[in-house]
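Observations on the model geometry
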Amino acid sequence: MSSETSPPPAETESAPAPDLASRITPKETEAPEAELETDMAQASLDGGHIAGLGGSALEEPEFDVELKLSDLQADPNNPLYSVKAFEELNLSPEILKGISQLNFRKPSKIQERALPLLLRDPPTNLIGQSQSGTGKTAAFTLNMLSRVDLNLKRPQALVLAPSRELARQIMGVVQAMGQFVTGLRVVSAVPDPTRKGPLEGHIVVGTPGTVMDLIRRRMLDPQGLKVLVLDEADNMLDQQGMGDQCKRVKSLLPRDIQVVLFSATFPEAVEKYALHFAPNANELRLKHDELTVEGIKQFFFDCDGEEHKYQTLVRFYGLMTIASSIIFVKRRDTAAEIERRMIGDGHKVAQLTGALEGADRDKVIDSFRTGEAKVLITTNVLSRGIDVQSVSIVINYDIPELERPRGAPDPETYLHRIGRTGRFGRVGVAINFLSDAASFSRLQSITSYFKAEITPLPTDDWDEVEEQVKKVIKSSRAGRTTQEMNMDGSAE
Ligand SMILES: Nc1ncnc2c1ncn2[C@@H]1O[C@H](COP(=O)(O)OP(=O)(O)OP(=O)(O)O)[C@@H](O)[C@H]1O
């Protein structure tokens, strides 16, 4: 099965998305069942602005850089801000030990707000939105770890993710956070031709097609499931994408299951499906102009056609020594072609698309995570969720566009793609490559939708390009906060 993501439903330039926060009233439910009465309460997330994390912060001496994450977490306007400690969130000592082992000092805003709603009994559904790289995975993972009963030897929590790579990554996070929970078993449900026998584990993480298949073949017992999480939920519920598969999976699960939906984006067209899928959910939502991560500086190159675009790309890579970077293209054949040409031009690059076999995909992503491969060329298959902290540059070689209406701008995919850098308070650079009027207007409508600032880079003054980019990422070290993670979420 190919787990390549498909774009969310159309949003056109002429129909600007309405202000999400004004339409959604956050609520908390006290009801014993998801379908029952709700009690209105304020639970919305504030917008996130990374104060003091512009390029200028990077000019500061190293000891100032070292203070950065704790500064960000002390700023009420920042998505990483919290008032509580993990110790105040009602987690078991084993789970707290896992958190501390990962070097997480304080929860982020989404973690602090989502966890009390998720952990409340009787369980209630949740729709949670927060900017890319703000720790949604830990939020739903801590809920699952808290809810599984290790005495019961059957699957109790299921996470569905849109790609094999993301499912493997989430599994790695659950294992890392649950490393002190004695006896915990986490299993993956992604295509695996070597799989024999039923899936035996407390927590299952997989892609919807494979999960469906395993349930049908009675290799996955759904009857003991208490929690269902859809990561990248807007993408998963998209009717042009995996919406039907997810609905079918849910129809096979216990009716009173706690449904948890997380994403950085919830476009209007998917919203009614989300509410239908997670009835009476508590909601933590953001406005679309609060979604951009300010640590990510956005640029564009205005090129003269496709060949100039490629020449600009290789010129750029000739200029910069970059920690790790991802180049997003629209089509699989473009990914293969650019890989071939860049290798021919002396660059070390790898590509990953849905055209590869599962085992080969695993090899490529693993070598990217370890830093062995530093430049990854890919399609939208990796646009969401992938967390590799060393990524300091994201390139949109093709500006994201929708399938329907064909060629319309795709702001959600744009946001997810650029969100592969600038994770959890880090800084990063997103560079868009334009080749014609259509790509120009697509980018323009995306940036105005998010009210994002975007800066042109010259294609004929490489000193200037270098200076502009280095202002943001002075070195690979500058892209990091000192709260070095000893986990990269990889599935090893
Ligand atoms: N409380 C915390 N303290 C420090 N680091 C954290 C904390 N929570 C999460 N992180 C780290 O932040 C990074 C981003 O987290 P995560 O991948 O869960 O983001 P996300 O919100 O799911 O992003 P996306 O929308 O792109 O999927 C990870 O490397 C994770 O280890």
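Just so you know, these numbers come straight off a predicted model, no measurement behind them.

Looking at the overall build of the chain
Per the secondary structure count, the chain includes 18 helices and 16 strands. Looking at the chain as a whole, 51% of its 492 residues qualify as buried. In the chain, of all internal contacts separated by at least 6 residues, the share reaching a separation of at least 24 is 79%.

Some words on the site of the ligand
Ser 132, Gly 135, Lys 136, Thr 137 and Phe 424 are the nearest of the 23 residues found near the ligand. Here the shell around the ligand gets 3 residues from one element, more than from any other, and that element is helix 7 (residues 136-147). Residues of the shell around the ligand, tallied by class, amount to 7 nonpolar, 13 polar and 3 charged. Per-domain counts for the shell around the ligand show at least three residues from each of domain 1 (2-50 + 292-490) and domain 2 (65-286).

Comments concerning the sheet that holds strand 5 (residues 186-189)
Here 7 strands make up an open sheet; going across it, the order is 5-6-4-7-8-3-9 and the pairing parallel. With one partner strand each, in any of the chains shown, strand 5 and strand 9 (282-284) form the two edges of the open sheet. Going from strand to strand, the sheet's axes swing by 15° on average, the running direction of each strand aside. The pairing of strand 3 (residues 126-129) with strand 8 (residues 258-263) spans 4 bridges and is parallel. For Ile 127, the partnering residue across the bridge sits in strand 8 and is Leu 261.

Examining the pairing of strand 7 (residues 227-231)
Of all 5 residues in strand 7, 5 are buried, a share of seventy percent or more. Alternating residues of strand 7 divide into Val 227, Val 229 and Asp 231 and Leu 228 and Leu 230, and every residue in both groups is buried. Two elements, strand 4 (residues 157-160) and strand 7, share 4 bridges in a ladder whose sense is parallel. Bridge pairing in strand 7 places Leu 158 opposite Leu 228. With 5 bridges connecting them, strand 7 and strand 8 associate as parallel partners. Looking at strand 8, one finds that Val 229 is bridged to Val 260.

Observations regarding the pairing of strand 3
Neither face of strand 3 is open: one carries Leu 126 and Gly 128, the other Ile 127 and Gln 129, and all of them are buried. Here 3 bridges tie strand 3 to strand 9, and the two strands are oriented parallel to one another. Bridge assignment links Ile 127 to a residue of strand 9, and that residue is Glu 283.

Here's the deal with the UniProt feature "domain: Helicase ATP-binding" (unreviewed entry) in the chain
The UniProt entry lists residues 117-284 under the feature "domain: Helicase ATP-binding" (unreviewed entry), expressed in the numbering used here. Secondary structure content for residues 117-284 is 37% helix and 18% strand, and the end C-alpha separation is 10 Å.

As for the packing of helix 9 (residues 208-216) against helix 11 (residues 243-251)
Running from N to C, helix 9 and helix 11 point in directions that differ by 35°, and their axes come no closer than 9 Å. When the axes of helix 9 and helix 11 are compared, the crossing they make is left-handed. Side by side, helix 9 and helix 11 meet where Pro 208, Gly 209, Val 211 and Met 212 of the first sit next to Gln 245, Cys 246, Arg 248 and Val 249 of the second. Residue composition of the contact of helix 9 with helix 11, by class: 5 nonpolar, 2 polar and 1 charged.

What about the nonpolar core?
Judged by nonpolar contacts, the single largest core of 118 residues is most densely connected at Val 205, Val 260, Leu 261 and Ala 274. It is helix 8 (residues 164-177) that contributes the most residues to this core, 8 residues altogether. Residue-level mapping places this core at the junction of two domains, with at least three residues from each of domain 1 (2-50 + 292-490) and domain 2 (65-286). In contact with Val 205, not counting residues within four places along its chain, are Val 159, Ala 161, Ala 167, Ile 170, Met 171, Val 174, Val 186, Ser 188 and Ala 189.

Conventions and cut-offs
Residues numbered from 1 in each chain as written. Predicted model: local features only at pLDDT ≥ 70, side-chain atom pairs only at ≥ 80, totals over all residues. Helix = DSSP H or I, 4+ residues; strand = E, 2+ residues; numbered from the N terminus. Buried ≥ 20, exposed ≤ 12 C-beta atoms within 10 Å, placed from the backbone. Contact = placed C-beta atoms within 7 Å. Near = placed C-beta within 6 Å. Nonpolar A, V, L, I, M, F, W, Y, C, P; charged D, E, K, R; others polar. Domains from an automatic or database assignment. Pairing = 2+ DSSP bridges. Axes fitted to C-alpha atoms, helices over the stretch in contact; angles between N-to-C directions. UniProt positions renumbered as here; feature names shortened; annotations may be inferred. Left-handed = near helix turned anticlockwise from the far one by under 90°. Core = buried A, V, L, I, M, F, W, Y, C linked by C-beta atoms within 7 Å.

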